[in-house]
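Geometric and topological summary
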2 protein chains.
Amino acid sequence: MKTAVLHARQGGHSYEVRIGSSALAPLASLARKYGSVFVVTSKRVQKTPFGKRALHMLERSGRLKLVHVLPDGEEGKTFIETERGAQALVRAGATRQSLVTALGGGSVSDAAGFIAATFMRGIPWVALPTTLLAMVDAAIGGKTGINLPGMKNAVGAFHPPEAVLSDPRALLTLPPRELRSGLAEVVKYAALDPTLLWRVNALRGRAPGADLLAACAEAKVSLVARDPLEHGPRKLLNLGHTFGHGVEAAGNFERFTHGEAVAIGIAFAFRLAEKVGRIGPLAVAEMEDALVGAGLPVRLSLAEARRATVLMASDKKRAASGLRWVLPREKGSTWTVEWDVVADPAAVGEAVYEVALRDHPERRSAGYIGRMSRSRNARSAR
Amino acid sequence: MKTAVLHARQGGHSYEVRIGSSALAPLASLARKYGSVFVVTSKRVQKTPFGKRALHMLERSGRLKLVHVLPDGEEGKTFIETERGAQALVRAGATRQSLVTALGGGSVSDAAGFIAATFMRGIPWVALPTTLLAMVDAAIGGKTGINLPGMKNAVGAFHPPEAVLSDPRALLTLPPRELRSGLAEVVKYAALDPTLLWRVNALRGRAPGADLLAACAEAKVSLVARDPLEHGPRKLLNLGHTFGHGVEAAGNFERFTHGEAVAIGIAFAFRLAEKVGRIGPLAVAEMEDALVGAGLPVRLSLAEARRATVLMASDKKRAASGLRWVLPREKGSTWTVEWDVVADPAAVGEAVYEVALRDHPERRSAGYIGRMSRSRNARSAR
């Protein structure tokens, strides 16, 4: 398996995104460029074979000063954990010449990246993503952040890493539900670039290889370079996230993982686009098949759908003058996706009704999540 | 009294620094450019005539949504207060289109600026400084931050404001010790540009007028523009701060205000420069006279001096390869100041001995602080 090397650029800063089985090869020499290295990881990741291997490589570099362990998932993305992390850095003697290494999924790169962004007003960091979500999305682009009660990523900073090193073997030990959740973001990239759809469908729920991961990461790298601060095209990456964030909140961030909520959000966006005459029913069916094929939900209960509708309007991405959508538009035999689309509230209501399981004529049980585990690991998706 | 308008520039961002009795005139129209305005202030400032006037102006703009009050001084610069501030913004409905207004001294602009820097990954803010220190230093240049136990400004961000509006009338109600502490930074600018020395000496401890404030602020604006991230000439602003931070820490951040510690630090820097043959004894005497004339200390006890020496080496500004100093060098009949100067540890030891009161042959009692009050207000200097 070859290792892809992407060149990411944000403002004046540029860094490499490496994806493949030899992605971690430059880690030791990178570590030696800095006075000292401080790993931030999570309870679960620390114990995985991949986590142990990465820590071992850093130990051999002779620069590893500290392994700071966050709680898994969203519990690591709090003010108190940020303070604890910064205090651990102070106690272990971190300086402006130190390197923070985020070893873990999206929650770890969000939290560790925020610690690096604010410690001494910003020190360098490198991301070693261990989840699908982190490899194709969270670790790339420099968005870091923590949560407040009632608002995910309410507090954060733009702070691009020095490198993102993704070894797909880290995905081998992912809990199945977390793998499926990460696939939602992969399906999202296929929705943004429908030429990827057949490759996503061919996965049938398995982890993607380095090639497909690199294609997704490249889409993100390119959008971030064009629009570092998310004033324009980078908003495309929010496809499915407007309703999706509402779904996540409607389930109190427990019932649905981020990926499951985004899957429902993507299905919703395509339904809404159909309602307002931007696409036909075939495009809707094609996307729902891709999501269901990846083991993801595309429906929720009417009560949940109503609650999600209320909550999405209070999401941080609202503009003063109402919601702006990321929606597909028919283009030849396929579609293209646009941002900042205004939609008639009546059409939104109809689309809500359609993704609500109880009232939907088709009642596709394949697309509905039955019993949900409340495991901590499952909550660590972004 | 005319109002000076300086144009500050940092990276791609530019903003106005207004200093004078009509500096607040643009406040209402500035507020109306934003969807909503959220004031962050402190207990003391909120009750001053100037604080009340500023709040009244914002109320009349029709955009004021919240007045969030921090504890005075360093107690407002904590993680828990940052979290409370961000939560207050969420609850009051702040969005990316909101404006944070920092109304207060250096601690308020540090803390409120950090809240603005990280809320939703950065929203705009404006500074209304109410102390001398904030007007000539803290509010300009975009450095924001909070403290950790054992490390001041350990966590923060570079986030320049939209405007700095300084009305010198805010200084009328400053506690005397806080005014003197602020004068230490004014004396520092005179040390960097000795042509200002006679104007500083003419104050004899009174608050400077808009002209001298503007001259100091202009020096800061110019250094920040040349070196936004403090890799070069901006380090000049740390004159007196290397030993000064040690002095502050040696006094547990209670015995000395920041300004008093910096005054001792400036005296120390000039002594050290003399020891290594960069300047003569006249320059040392000239600076000490300016500091003592402003009511500031230039000596401390031997025990304190020794403790400060140990603590300055663990300050965050140390480089891996040892301390770098900001020191004057003789130039014609006056001096110029240089950064990143390496000094012989033996010379540092001799200079420590000279600023230590007990052992100094001159024992200038005018330069020593006698009984110190532990009032909270006195601790709010930067």
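Residues numbered from 1 in each chain as written. Chains lettered and ligands numbered in written order. Predicted model: local features only at pLDDT ≥ 70, side-chain atom pairs only at ≥ 80, totals over all residues. Heavy atoms only, no water.

What about the overall build of chain A?
The cut-off we apply is this: Numbered from the N terminus, helices here are DSSP runs of H or I no shorter than four residues, and strands are runs of E no shorter than two. Only protein chains enter the accessibility calculation, which uses a 1.4 Å probe. A residue is then buried if its area is under 20% of the maximum for its type, exposed if over 50%, and partly exposed in between. In what follows, a contact means two residues having at least one pair of non-hydrogen atoms within 4.5 Å. Only the protein chains shown count as cover for residues, with accessible areas throughout obtained via the Shrake-Rupley method and a probe of 1.4 Å. For the purpose of counting charges, residues Lys and Arg are taken to be positive, whereas Asp and Glu are taken to be negative. His and the chain ends are not included. Charge coordinates come from a single atom per side chain, which is NZ of Lys, CZ of Arg, CG of Asp or CD of Glu.
Of the regular secondary structure elements, chain A holds 14 helices and eleven strands. With 382 residues in all, chain A has 62% of them scored as buried. Expressed as a percentage of contacts within chain A between residues at least 6 apart in sequence, the contacts between residues at least 24 apart total 75%. Surface exposure of chain A reaches about 14200 Å², of which carbon and sulfur atoms provide 52%. For chain A, the distance from the average position of its 52 positive side-chain charges to the average position of its 35 negative side-chain charges is 6 Å.

A closer look at the interface of chain A and chain B
To keep things clear, this is the line we draw: Accessible area, probed at 1.4 Å, shrinks when two parts are joined; the buried area is that loss added up over both. Counted as salt bridges are all cases of a side-chain nitrogen of Lys or Arg within 4 Å of a carboxyl oxygen of Asp or Glu. We define a polar contact as two N or O atoms separated by no more than 3.5 Å, with the added condition that, inside protein, one atom must be a possible hydrogen donor and the other a possible acceptor, whereas residues neighbouring each other in sequence contribute only through side-chain atom pairs. Residues were grouped as follows: Ala, Val, Leu, Ile, Met, Phe, Trp, Tyr, Cys and Pro as nonpolar; Asp, Glu, Lys and Arg as charged; and all remaining residues, including Gly, as polar.
Counting from both sides, the interface comprises 34 residues of chain A and, opposite them, 34 residues of chain B. In total, about 2800 Å² of surface goes out of reach between chain A and chain B, with carbon and sulfur atoms giving 61% of it. Put simply, chain A and chain B have zero salt bridges between them. Seen at the junction of chain A and chain B, the total is six residue pairs in polar contact (both at pLDDT 80 or more). For the side of chain A that touches chain B, the elements supplying multiple residues, two or more each, are helix 4 (79-91), helix 5 (106-118), strand 7 (143-148) and strand 8 (151-158) of chain A. A total of seven residues in the side of chain A that touches chain B trace back to one element, the largest contributor, which is strand 8 of chain A. Residues that form the side of chain A that touches chain B fall into these classes: 17 nonpolar, nine polar and eight charged.

What to know about the relation of the copies chain A and chain B
Operational definition: Only residues with pLDDT of at least 70 in both copies contribute their C-alpha atoms to the least-squares superposition of the copies.
For these two chains of identical sequence, chain A goes onto chain B by a turn of 180° and a shift of 0.0 Å along the axis, with RMSD 0.0 Å. Expressed as a symmetry operation, the mapping of one chain copy onto the other fits a two-fold axis. No C-alpha of chain A lies nearer the rotation axis than that of A:Phe79, which sits 3.5 Å from it. Of the residues that chain A buries at the interface, 100% are likewise interface residues in chain B, meaning the two copies contact each other through the same surface.

Let's talk about unusual backbone geometry
At A:Asp340, a position not held by glycine, the phi torsion is positive, near 60°. By relative accessible area, which is 35% here, A:Asp340 ends up partly exposed. For B:Asn252, which is not glycine, the phi dihedral falls at a positive 55°. By secondary structure assignment, the location of B:Asn252 is in the loop between helix 10 (241-250) and helix 11 (258-275).

Considerations on the sheet that holds strand 6 (residues 125-129) of chain B
Residues and elements named next belong to chain B. In plain terms, the rule: Two strands form a pair only when DSSP identifies at least two bridges running between them. Only the stretch in contact is used when fitting a helix axis, every axis being a line fitted to C-alpha atoms; angles between N-to-C directions are given from 0 to 180 degrees.
Spatially, the seven strands line up as an open sheet ordered 1-2-9-6-5-3-4, and their pairing is mixed. The strands lining the two open edges of the sheet, one partner per strand, are strand 1 (4-10) and strand 4 (64-70). Neighbouring strand axes in the sheet, compared pairwise and without regard to direction, differ in orientation by 15° on average. The pairing of strand 6 with strand 9 (residues 163-166) spans two bridges and is parallel. Looking at strand 9, one finds that Ala127 is bridged to Val164. Taken strand by strand, helix 3 (residues 49-60) contacts strand 3 (36-42), strand 4, strand 5 (98-104) and strand 6, and its axis lies near 165° from that of strand 5. Docked against the sheet, helix 5 (residues 106-118) engages strand 3, strand 4, strand 5 and strand 6, running at close to 165° with respect to strand 5.

A word on the pattern of salt bridges
Residue and element names in this part refer to chain A. Counting across every chain of the model gives 42 salt bridges over all chains. Here Arg18 makes a salt bridge to Glu16, at a shortest N to O gap of 2.9 Å. With a closest N to O distance of 2.5 Å, Arg278 and Glu338 form a salt bridge. A residue pair is termed long-range when its members are at least 10 positions apart, and Arg278 in the loop between helix 11 (258-275) and helix 12 (281-293) and Glu338 in strand 11 (residues 334-341) qualify at 60 residues. Residue Arg278 is classed as buried on the basis of its relative accessible area of 9%. For Glu338, a relative accessible area of 27% gives the class partly exposed. Through salt bridges with shared partners, a single ionic network connects Glu74, Lys77, Asp110, Lys152 and Glu248.

Here we look at the sheet that holds strand 5 (residues 98-104) of chain A
Residues and elements named next belong to chain A. Overall, mixed pairing links the seven strands, which are arranged 1-2-9-6-5-3-4 in an open sheet. Bordering the open sheet on either side are strand 1 (4-10) and strand 4 (64-70), each of which pairs with just one other strand. Across the sheet, the axes of successive neighbouring strands diverge by a mean angle of 15°, strand direction being ignored. Helix 3 (residues 49-60) contacts strand 3 (36-42), strand 4, strand 5 and strand 6 (125-129) of the sheet and is inclined by roughly 165° relative to strand 5. Here helix 4 sits on the sheet in contact with strand 3, strand 4 and strand 5, set at roughly 165° to strand 4.

Re the side chain of B:Lys143
Position of B:Lys143 among the secondary structure elements: in strand 7 (residues 143-148). One polar contact links B:Lys143 to B:Glu230, side chain to side chain, over a distance of 2.5 Å. Discounting residues that sit within four places of it in the chain, B:Lys143 has contacts with A:Arg121, B:Asp110, B:Ala138, B:Ala157, B:Phe158, B:Glu230 and B:Arg234.

A closer look at helix 11 of chain B
Stated formally: Working rule for helices: expected span equals 1.5 Å times residues minus one.
The terminal C-alpha atoms of helix 11 of chain B lie 25 Å apart, and with 18 residues this matches the ideal 26 Å at 1.5 Å per residue to within 8%. Two residues or fewer after helix 11 of chain B comes B:Gly277, characterised by a positive phi angle close to 75°.

Bear in mind that shape data such as this cannot, by itself, settle questions of function.
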